[in-house]
Amino acid sequence: MTYAISDMPPRAATHGFPCFVGIDLGSTTSKAVVLDEDGRILGRGITNSRSNYDLACRIARDEAFVDAQMTRLARELAADPVVEPHVSVLRPSVERSFRYRQHVRQLATLRRVCFELAAGQGTLEGALAAIFDEMEREAETMFSGLRPRPSSEFFRDVAGGQFQALAEKIAAERRVPFETVVGVLDRAMPRVENEPDDLSFEGNARDALGRALGRYAKRSDVLSAAVSAALDRVIAEPPFVVRSVGTGYGRARLPFPKEQIRSEILCHGLGAHATFPQTRTVLDIGGQDTKAVQVDADGVVTGFQMNDRCAAGCGRYLGYVADEMGLGVHELGPLAAQASHRVRISSTCTVFAGAELRDRLALGEKREDILAGLHRAILLRAMSLLARSGGVREELTFTGGVASNQAAVAALRELVDEHYGEGRSEPLRINVSPDSIFTGARGAALFALRGPAAGPARGEKMS
Amino acid sequence: MATPVSTQSTSSAPRRPEEIAKACEAIAFDVSFAPVRAWKERTGRKAIGFLPIYGPREIVTAAGMLPVAVMGGGDRVEIVRGDAYFQSYLCQLPRSTIELALGGQLDVLDGMLFPATCDVLRNLSGMWRMSFPDKLVRYLDFPHDHRPLVGMRFWENDLRALAHDLGALSGIVPDETALARSIALYDENRALLASLDALRVEAPHRAPIAEVYALVRAGAVLPVEEHSVLVREYIAAAKAADRAPRDHARVLVVGAFCEQPPIGLLVTLERAGCYVVGDDLCLATRLVGEQVATEGVPPFASLARAWVEKARPTASRYLPNEEKGRWLVDRCRALRADGVVLAAPSFCDPALLEQPMLQTALDRAGIPHTCFKYAENTAQLQPIYEQAGTFSDSIRLFTEAA
Amino acid sequence: MSTRDTEGGHVPKEPSMIKQKELLSAYYDRLVAAPQTGQKVVYTFVPGNLTELLLAFDVLPVLPEINALQSAMRGRSGDFIAEAERAGHSEDVCSYVKCDLGMLRAKSGPTGKPLPPPDLLLLSYTGCFTFMKWFELLKQEFPKAEVAMLHVPYQADGVVTPEMRQYVLAQLREEVVPKLERITGKKLDEDRLRELMEKSALAEDDFVAVLEAGKKKPSPIDGYFGAVFYIAPLFSAFRGTDDGVAYYRLLREEVEQRAAEGRGPITPLGQLDDQRIRLVVEGPPCWTSFRELWSMFAAEKAVVVASTYCKVGGLYDTGFRHDPRRPFDSLADYCLGCYTNLSLPSRTDLVARYVREYQADGFLVHSVKSCNSFSAGQLLMLRSLEKKTGVPGGFLESDLVDPRYFSGANVKNRLESYFQMLLARRGAAAERAAEVTP
């Protein structure tokens, strides 16, 4: 069974806590942002887009609601003088417990599905059992707060990575072919992702809270009662979706009326404006495309340029490069930052990426130096789009998946200074938000807040 | 800042050919146009740029200015703003040219001539007018009608109007006498380049393509007299140098008349076993290879006639009836070329549309050929090395077997 | 041009559409029958076409660009292009040329039946270098055909000088007319030429009235997608004919009626009366996805009020008419004045003028991979126009007839973003105005 997108919005509530939802269905990730009536961010959710936009959209939105409820709970707690001093410790703890619960539930499903697939194959079952036992043990510490949170938050990546690492060891010990063990995982994962499970705030919060409180110092009854009451209040007033607006690559898939679909260009412009109100130019480098957007003082788009049909120089290109080097995409930036010099790369064509890379490696160039060149080459393409759209005159906000790559940001910084920095008393400001990936969804949510008339951005309270 | 450029040997010992080529390279590929700046400072005069495939340099010189052939930025400029002016499906040369202009490197040029090479360069003339309104901009509309009283007359009028405009800029309006003097200087240069070509045909191992190319291309930015001195010096040095011939195939390179391949590509061809005995590289300064001055014809008229009657057949000229194919076959025979490398810039409509016609002519004549596309900043030379190597091997095996 | 695109939908047909279809189909019948009837055939191009002169000799013009675009609208261009690429043509080059050559190699024609071979290749080289290569290639396919070259000098300085006109006139008299006389065995009848030109001017007046109806609100025409059909007879074989005069009279009456009733043009999604966005478009259409692209405009209630593409066969709306009193001069001026022969600054000025005079909300540049003559410099035009008009420009990329270069998702994304941007800006402007006057 799969989720149908027409299930949305899930709660047909006509009362409750009013909120506004923006959904950004990207080519690699789907994002959701929930705002309150004042335009403040309540929650964010993200998941990988998979091949199933409907499901991705649902999961991202559910995640955002969980996050929103957490925020509301934190607000309730902060309002209580008894609990307030503890909020800064409690909230992360509750979240961790909650994630742990979600993780454990999904892990149980994965285990079940894997055993179904491996049924009757004794040695394989044995290996799987050993793997899962270990994964379950690891899960405890993963969410204990003693270790940093996993860098990639998708279950697929977290559990998949663990499984592979363990499978390498255990398959060898038990003389089961590694490919067979991993093959089970590959078949099981899509089923797990497509299987419905109650990951909602309402269904899991109380338990998570109990666990968090249990872990939190000596449990005080007064504190416990106050927190429990706050949770009751939050649950009693479920979120009520006043309006949703969709954007992104897959936006046409959303079952919204036409006026609730907005181009991602407009959403990125407005989202960036909300995050950094002095923004006049937005550069967004996503998986499939790159956009350069100019906005006015109200966040209204005044011009834009997009790459042509070729995905050269987009996030996907970095993906190819990472594959070619046998690295994860998130490892590219840090590696490039270690470069001692920069190899000049002429083609950011995804088709030639492999060939050019092999050529360079064969010539004895170091990986980090090649990567430094590649990052510059990608940003050079972006610079052209920026120039086409009207250039950089004031604050520039860099968004999209590639904005979280430090080498890309450094290359942009350098190029903007080279090309637009001359004669300025201080360098042009470049904004990168840690939540930059949510920029489009935030813009969409702001459009939702504004109502069907989709008037301009005026008078909204921005965080 | 202009860097001092030495075009001539300072010591009394004659320079070796590779030393001359090295000096030429520094002049030819300097995207800051330091040699032109130096010339302007020295003389206090102006410089006029022109794009491939042709500029009437004789008139520019007669007007007291320095003609400079601008052939893009090659692989020496990083393109940012250029891509903001040109879509991905247009060739590279105009992109890097505008990049240089916006970067200030072309400020040294007081005017720019845009020949009717193709639609892209034609439109670039309009872009120049819009972007650099203070500079002189002229479009050179070559006649495709070749009758003396029709096309040639139109072209001669155009050249006279150009002389007038250039004169207004420099203060020296060239008359027939001044033009005759200028034509004589260029005719001398053409004769020297013809001897250089003859040397390549006789003994290609004495004049490697990378050296020849740098030498020829230095002529794009140097005053013609200075260039002639260099060519003369190089020919003598190359003849005297001790260089052993190798078992290479002799090839003609065709299609690089406008956007130039990177020099690394030419080196790669030779390294892969191909002696380039003829080419249409750097055509901007070599479109007319024959002597322009004509007995009994006034200078402006002879210059007009040179385009119509003496310009090399090339893709930018309209010549029906397979004239260009026949010309190529004849040229192969004259240069004793074993085969033809059809090298065309990516997205170049004239060169690429011409290719199948040339291939047909070569097939009929039984002349082997191979083709590839390049851009002025092509960095991947390995595939070209493989292709040229295979081509050279197949030719040599074929000739040995024959 | 093909009417296939209007056949598919359930859109009412107007009398002018039916008339055009009849005219064109009768013309193709005459062409196909030429080898039997002995009528001579001349291949030539739309920009700078010399239809009156050809008809004065009773020869039948064939326009290879139209063959290519018709093949595209019938969904055949992809195969034809593949055929030409198999024969050695590069993926990089003009798809009109490849489509035409592929069609010849496939022994086919724009309507499926092969066209007769040319007796004369009349290369009226106006504003497109690729035409020259095209005719060199055609000459290779038809070695027996006579070739006449008419080199029309480019308006690089934005003006036609006496020397330029003189050059064209000399070629007309010394190259084109003698070759036409040779292939037909007839002397030129100048009275006949004058008569034809009189009729041309009549049709041209009506045609201009049709285009200028785009200034009305709502616009009764679509000046880009719709205009492609309006230009077909005038830019091809029907200038100077009674049929041409009748067609444009009928069309003008229809458009005027439509305007009087406040009706919009008929689009693939039906009649567009409620027009939210008025646009000027620069650049040729994408023939392979013509209807799909038009629908994307119509779905957003966007109407094109003026375009440059419908000026490639003559800039009639700036005052040019064929003039029976000076037939040769007006042929020369016609060729020199086609949109394709204008410099980039002149093209920019013209679009700016359209934006003003047609009260457009925005302008869109459609850049096609094939056509360097149009495309090179369009990005600068875009920026310069934004400055000149204060109106934001949009930018689309695809191709003329190569289906590989139309990415529906990309085009739709850009187009929607652009339309939404225009509306958002309009909303913002309205709100600012409201703040000033409460």
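Residues numbered from 1 in each chain as written. Chains lettered and ligands numbered in written order. Predicted model: local features only at pLDDT ≥ 70, side-chain atom pairs only at ≥ 80, totals over all residues. Heavy atoms only, no water.

Within chain B, the regular secondary structure consists of 15 helices and 8 strands. In terms of overall dimensions, chain B is globule-like: its C-alpha atoms have a radius of gyration of 20 Å, near the 21 Å expected for 402 residues. Its C-alpha atoms give chain B principal-axis dimensions of roughly 65 × 55 × 50 Å. In chain B, which comprises 402 residues, the share counted as buried stands at 65%. The contacts in chain B between residues at least 6 apart in sequence include a share of 74% that link residues at least 24 apart. (Helix = DSSP H or I, 4+ residues; strand = E, 2+ residues; numbered from the N terminus. Rg over C-alpha atoms; globule rule 2.2 N^0.38 Å. Buried < 20%, exposed > 50% of the residue type's maximum accessible area, 1.4 Å probe, protein only. Contact = heavy atoms within 4.5 Å.)

With that out of the way, let us pick up unusual backbone geometry. Residues Pro52 of chain B and Ile53 of chain B are joined by a peptide bond in cis, for which omega reads 15°. Structurally, Ile53 of chain B can be placed in the loop between strand 1 (47–50) and helix 3 (57–62). Here Lys217 of chain C and Pro218 of chain C are connected by a cis peptide whose omega angle stands at -5°. By the element assignment, Pro218 of chain C lies in the loop between helix 9 (190–212) and helix 10 (227–235).

Note that Pro81 of chain A resides in the loop between helix 1 (53–79) and helix 2 (87–118). It is 47 Å that separates the C-alpha atoms of Pro81 of chain A and Thr302 of chain A, two residues lying 221 residues apart in sequence.

Okay, the confidence of the model for chain B next. Residue-level pLDDT values for chain B average 94, and 97% of them are 70 or greater. Across residues 1–5 of chain B the pLDDT falls below 50, and counting only partners more than four positions away or on other chains, this stretch makes 7 contacts in the model. (pLDDT = per-residue confidence, 0-100.)

Before going further, it helps to spend a moment on the pairing of strand 7 (residues 301–306) of chain A. Residues and elements named next belong to chain A. Most of strand 7 sits out of view: 5 of its 6 residues are buried. With 5 bridges connecting them, strand 6 (residues 290–295) and strand 7 associate as antiparallel partners. Residue pairing for strand 7: Gln294 is matched across the bridge by Gly303. Between strand 6 and strand 7, which follow one another and run antiparallel, lie 5 residues, and Gly299 among them has a positive phi close to 85°. (Pairing = 2+ DSSP bridges.)

Turning our eyes to something else, we now look at the interface of chain A and chain B. On the chain B side, the residues contacting the 16 residues of chain A number 16 residues. Here chain A meets chain B over a buried area of about 1,300 Å², counting both sides, of which 46% is carbon and sulfur. Remark: the boundary between chain A and chain B carries 1 salt bridge. Between Arg376 of chain A and Glu78 of chain B there is a salt bridge; the shortest N-O distance is 2.5 Å. Inspection of the chain A/chain B interface yields 5 residue pairs in polar contact (both at pLDDT 80 or more). Considering only residue class, the side of chain A that touches chain B consists of 5 nonpolar, 3 polar and 8 charged. (Buried area = accessible area lost by both parts, 1.4 Å probe. Salt bridge = Lys/Arg side-chain N within 4 Å of Asp/Glu carboxyl O. Polar contact = N/O pair within 3.5 Å; in protein donor to acceptor, adjacent residues only side chain to side chain. Nonpolar A, V, L, I, M, F, W, Y, C, P; charged D, E, K, R; others polar.)

Turning our attention to the interface of chain B and chain C. Counting residues at the interface gives 51 residues for chain B and 56 residues for chain C. A combined buried area of about 4,600 Å² lies between chain B and chain C, and 60% of that area is made up of carbon and sulfur atoms. In terms of surface lost to chain C, no three residues of chain B exceed Tyr89, Tyr318 and Leu353 of chain B, which account for 16% of the buried area on that side. If you look at where chain B meets chain C, you find 5 salt bridges. Here Arg147 of chain B makes a salt bridge to Glu175 of chain C, at a shortest N to O gap of 2.7 Å. At the junction of chain B and chain C, the tally comes to 27 residue pairs in polar contact (both at pLDDT 80 or more). Those elements that provide at least two residues to the side of chain B that touches chain C are helix 4 (81–85), helix 6 (119–131), helix 7 (148–170) and helix 14 (349–365) of chain B.

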